[in-house]
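# Structural overview
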Amino acid sequence: MKDTKIVGFDDPEEVSDNEEENEITNIKKKVCKKSGGFQSMALSFPVLKGILRRGYKIPTPIQRKTIPLALEGRDIVAMARTGSGKTACFLIPLFEKLKTRQAKTGARALILSPTRELALQTLKFLKELGKFTGLKAAVILGGDSMENQFSVIHGNPDILVATPGRFLHICIEMDLQLNNIEYVVFDEADRLFEMGFGEQINEITNRLPESRQTLLFSATLPKLLVEFAKAGLTDPVLLRLDVESKIPEQLKLSFITCRPEEKLAVLLCLLKNVIKDDSQTVVFAATMHHVEYIHQILDKAGISNTFIYSNLDPSARKINAAKFQNGKARVLVVTDVAARGLDIPHLDYVINFNFPAKSKLFVHRVGRCARAGRAGTAYNIISPDEYAYLLDLHLFLGRSLCIVPPSGSTESTDGVIGKMPQAMIEEELSELINWHNCSTDLQNMEQVCDNGYKQYIRSRPAASSESIKRVKELHINEAGVIPEYSDVTSTTTKLLSKIVNYRPHGTIFEIGSKASCTDYQVMKKKRTLHKENIIHFHRKVDELESKKNDMIKESVRRILPSSTDDEINAAFNTVVFPKKRNLDDLYKPPKKKKRSMTQDKEFFIPYSAPDRHTEEGLAVNSFNTEAEKVQMDLTADNEESQRLQTQIKKWDRKKKKMVTLNNEQKAKKIRTESGVWIPASYKSNRYSTWKEKSKVDAASDDDSEGESTKVQKLQTTANTHWARHNKKIKEKLKKNNELKRPEQVLKARKLLDRRRKKNGRKSRKSQKNGGRKR
C-alpha cells in the first residue's frame, strides 16, 4: 500500500511532529484498506491526529459510508440511528475541505442545529476533533448578546455553528454576504422543520451560493424534507443505513406499572435502591411544571440534581447542562427539549417518568444512553392511562409483550412488564406525604402539576384504537413483581433491622471515653459487681414470657361451648336487644334539611320566559347554537402564551368566529432579496449602533484598496431602479474576481450543462410546435 501524502502544520503542543508522523505512518502500514479504519480514508495528518487523539479507531457503519462520499464533494441525505456517530460524519470531511485557516475570506462552513444544547455540543466536539487543524469556529445562538455575536463575525471565523432564527436575524441585521460558504450541514433536519424553522431555512439557503456542498442528517424522511432536498441539493445521495425503528442491542428496557399517585415513590425507589450512587441518570417529564416539581422532591430526598426546559433562561440552561456533564449533579430532569441530539458521555440510565405518546420519541429518549457501543438501561414508569401507548411501542419495535405473571417468575429479564414490591413503594409514599404536609410549596407545586397534566392530556395525540381495545384484554394491572426488584430491599429497612438487632457493649458513660477515665473505670467495676444480678434478671424475663405463652395455650384449650337461642329463650322471658339499624345508613352522609321556599305568585317574576323552548326552536342563527359549533384549538404550551393567544383574537360578527386582529399576512413584515416575507423585527438597526460604539467602519481598508474602479463608479445609495441594477452588476464583478476551488468549478459546470440541456429540450419543443402550426 502506498503511503498517503501528509500535509505539515504547526503543532500547538510540545510533542515533535516527526515522532507523530512516524507513529501514524507505522499505524498506516499495519492497517490494510480492507480493515475500513480511518487510516484507509487518505485523511490529512492534522485531521487523523485529532481523530486518534480523541480515541476513535474504527468508524461506525454510517461513517464508513458517508465520509468517502462527502470527501468526493457529493450532496448527501443521511439517515441513521441515534448515537451512531453522525456528528463525525460531517466534521471530518469539513476539516479536509477547509484544511487551513483563512482570516480574510470569512466563514466558509455553516452548521445549523435545532437547539442550543445541540449547537454547543457540536462546537465542543468540533474543537476536540479539529484541535490540530488551526481552524477557527464560532457559535451563534438565540438568547445570547447580539453585540458579542457582531464582534465574533468580524473576527472572520472559518466555521459557524448556529440556530436558524438567530443566524437569519444576524444576516439581515448585518447585511451579511454568504458567498464564501462552501460547506453547509443541516443537523437533525426533520427537527428543524418540526420546530417551525422552515421559513428561516429557506431564506438562508437562498442566500447561499449554488456551488456549495450540502449535507443533511435526519432520523426520519417526511415529505417536506424530500421537497427541500429536491430544491436545495444538487444530485443528492440518500443513505438509509439504520432507521430509527430499532434501538441499540446493548440497551436494556424495564417497564414498571403503578398508580398515578405512586409515580414519584417509584422514581425515588429506583434512584435510591436500584441505580448506583456513582452513575448518571436522565429523567424525562411531560411538562416544565413536572420538571420543577421533581427537582424539588429530589432536593428534599438529598439526591444531587439539575434541570432543563424550554422556558428556562439560556444562561441557566447552559450552566445546568455543564453541571450534569461534568458530574457535579447525579440526575438531570428534562422535558423533550433534550430528547434528540444530545450526547452525554458515560450516561448509564434513562427514566421515563411520563411515557411518551409517540414511539419515535421513545426511541430518541432512550437513545441518550447505550451510545457508541456502551451498555445502558431505560426504566419506564407507566400508569393505566399510558398502557395503550406501551402497546403501540411494542408494535412499532416489533417486540412481543412479556407480562410478569402474579407468581413473579419469568425466564427473561429484558423488556418485562411488572411491578415493584409494594412495601418499598409504601415506605417512600409515607415519606412523600410527610414532606407535603410540612411544606406548602410542595402542595402548591403538586396542584400546578395536576393542572398542567390535564392540559398535557388534551394536547397529547391519542393511541391507536386497536391498542386501546387490546389493552383491556391483556390485564396488565394484574402483573406480578419483577424478579429483579424482589431481592432489592431499601436502605432504610436494612438500617432499621440493624438498629433493632444492635446491642451495645457499654453504657452511654463509656462510649467515646478512654480506659484511664474515671467514668469508664467506675462503670466497669459496677458491671462486674452486678453481673450475676443482670444474668438472673434476664433469666426471670425469659421465664415470665414462657409462662405467658403457656397461659395463652391453656386459655385456648379451655374455651367454653356457646349457648343456643332455644336455651336462652327457655331461661329468660324477656330479652332486650339494641335498636336495629341498617348498616348502609352508617355510611350515608347526614341529610340536609330542605329550605322552605315561599313564593308570592302575585309579585314573583320567573327567570326564564314560559315560551323560551319554542323561541329557541324557531331561532335560525342564535349565539348559543353557533358558539357550540365553534372548535377551540389549544396550541399554547404555557399560561403566558395562552393569555397572549386570547388577547390577539376577537369575535367577527360577519364570519361568526374568533379571528386574529392582525389577520394580514404581510403586516409588520419585510420582503427579502429572494422575495420571501419575514418579520420586520429582524431589521432593528442594532448593528449600526454597535458599529458607532465600537468604532468599526462599514468596510475595511483592505477591501477598499482591492476594489476595482468599475465597482467604485457603480456605488449609489438611492433606492431606485438604477441603484438596484448597479448593485447586481457590482456583485457579478465581485464574483468574477473571486478565486474558486476545483470542486466549485466542477459543480458550476455541471449546473450549466443541466441548464443547457433543459433549454435545448424547450427549444426543440417550441420548434416542433411551430412546424405543426405552419
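Not measured: the values here are computed from a predicted model.

As a further point, take the confidence of the model for the chain. Taken as a whole, the chain shows an average pLDDT of 75; of its residues, 69% reach a score of 70 or greater. The low-confidence segment residues 27–35 (pLDDT under 50) makes 14 contacts with residues lying over four places distant or belonging to another chain. Segment residues 698–717: pLDDT under 50, and 17 contacts once partners within four positions in sequence are set aside and those in other chains are kept.

Any pair of aromatic rings gets described here by the distance separating the centres and the angle formed by the planes. All told, the structure shown has 11 aromatic pairs when counted by the stated rule. Ring centres of Phe307 and Tyr309 lie 5.9 Å apart, and the angle between their planes is 15°; on these two criteria the pair is classed as stacked. The exposure class assigned to Tyr309 is buried, which follows from its relative accessible area of 7%. Between Tyr349 and Tyr379 the ring centres are 5.9 Å apart and the planes differ by 25°, which places this aromatic pair in the stacked class. Placement of Tyr349 in strand S12 (residues 347–352) and of Tyr379 in strand S13 (residues 376–382) is noted, with a sequence separation of 30 residues between them. Assessed through its relative accessible area of 13%, Tyr349 is described here as buried. Taken together, the aromatic side chains of Phe150, Tyr687 and Trp690 make up a single cluster linked through ring pairs. In this arrangement the basic side chain of Lys49 is found over the ring face of Phe132, its NZ or CZ atom lying 4.2 Å from the centre. Above the plane of the ring of Phe353 lies Lys263, whose end atom (NZ or CZ) is 5.8 Å from the centre.

To continue, consider the sheet that holds strand S5 (residues 183–186). What the seven strands build is an open sheet, ordered S3-S4-S2-S5-S6-S1-S7; its pairing is parallel. Two strands close off the open sheet at either side, each with one partner strand: strand S3 (137–140) and strand S7 (237–240). Adjacent strand axes in the sheet meet at a mean angle of 15° when their direction is disregarded. As paired elements, strand S1 (residues 76–79) and strand S6 (residues 213–218) share four bridges and run parallel to each other. Across the sheet, Ile76 pairs through a bridge with Leu215, a residue of S6. This element, helix H3 (residues 61–71), spans S1, S6 and S7 of the sheet and lies at about 175° to S1. Where helix H10 (residues 223–232) meets the sheet, its contacts fall on S1, S5 and S6, and the angle it forms with S6 comes to roughly 170°.

A word on the pairing of S13. Of all seven residues in S13, seven are buried; the element is thus mostly enclosed. Pairing between strand S8 (residues 251–257) and S13: seven bridges, direction parallel. Looking across to S13, one finds that Phe255 is bridged to Asn380. Where S12 and S13 come together, four bridges link them in parallel fashion. When the sheet's bridge partners are listed, Tyr349 is paired in S13 with Thr377.

Formed by 44 residues in total, the largest nonpolar core has its most connected members in Leu267, Leu270, Ile351, Tyr379 and Met420. Every element with two or more residues in this core is listed here: helix H11 (263–274), helix H12 (288–301), strand S11 (331–334), S12, S13, helix H16 (422–438) and helix H17 (440–459). Considering every element that reaches this core, the biggest residue donor is H11, with nine residues. Once residues lying within four places of it in the same chain are set aside, the contact partners of Tyr379 are Ser254, Ile256, Leu270, Val274, Ile275, Tyr349, Val350, Ile351, Asn352, Glu484 and Tyr485. One finds Leu48, Ile51, Leu69 and Leu98 within the second-largest nonpolar core, a separate group that totals 39 residues.

The rules behind each value
- Residues numbered from 1 in each chain as written.
- Predicted model: local features only at pLDDT ≥ 70, side-chain atom pairs only at ≥ 80, totals over all residues.
- Heavy atoms only, no water.
- pLDDT = per-residue confidence, 0-100.
- Contact = heavy atoms within 4.5 Å.
- Phe/Tyr/Trp six-rings, centres within 6.5 Å; stacked < 30°, edge-to-face > 60°.
- Buried < 20%, exposed > 50% of the residue type's maximum accessible area, 1.4 Å probe, protein only.
- Helix = DSSP H or I, 4+ residues; strand = E, 2+ residues; numbered from the N terminus.
- Lys NZ or Arg CZ within 6 Å of the ring centre and 35° of its normal.
- Pairing = 2+ DSSP bridges.
- Axes fitted to C-alpha atoms, helices over the stretch in contact; angles between N-to-C directions.
- Core = buried A, V, L, I, M, F, W, Y, C linked by side-chain atoms within 4.5 Å.

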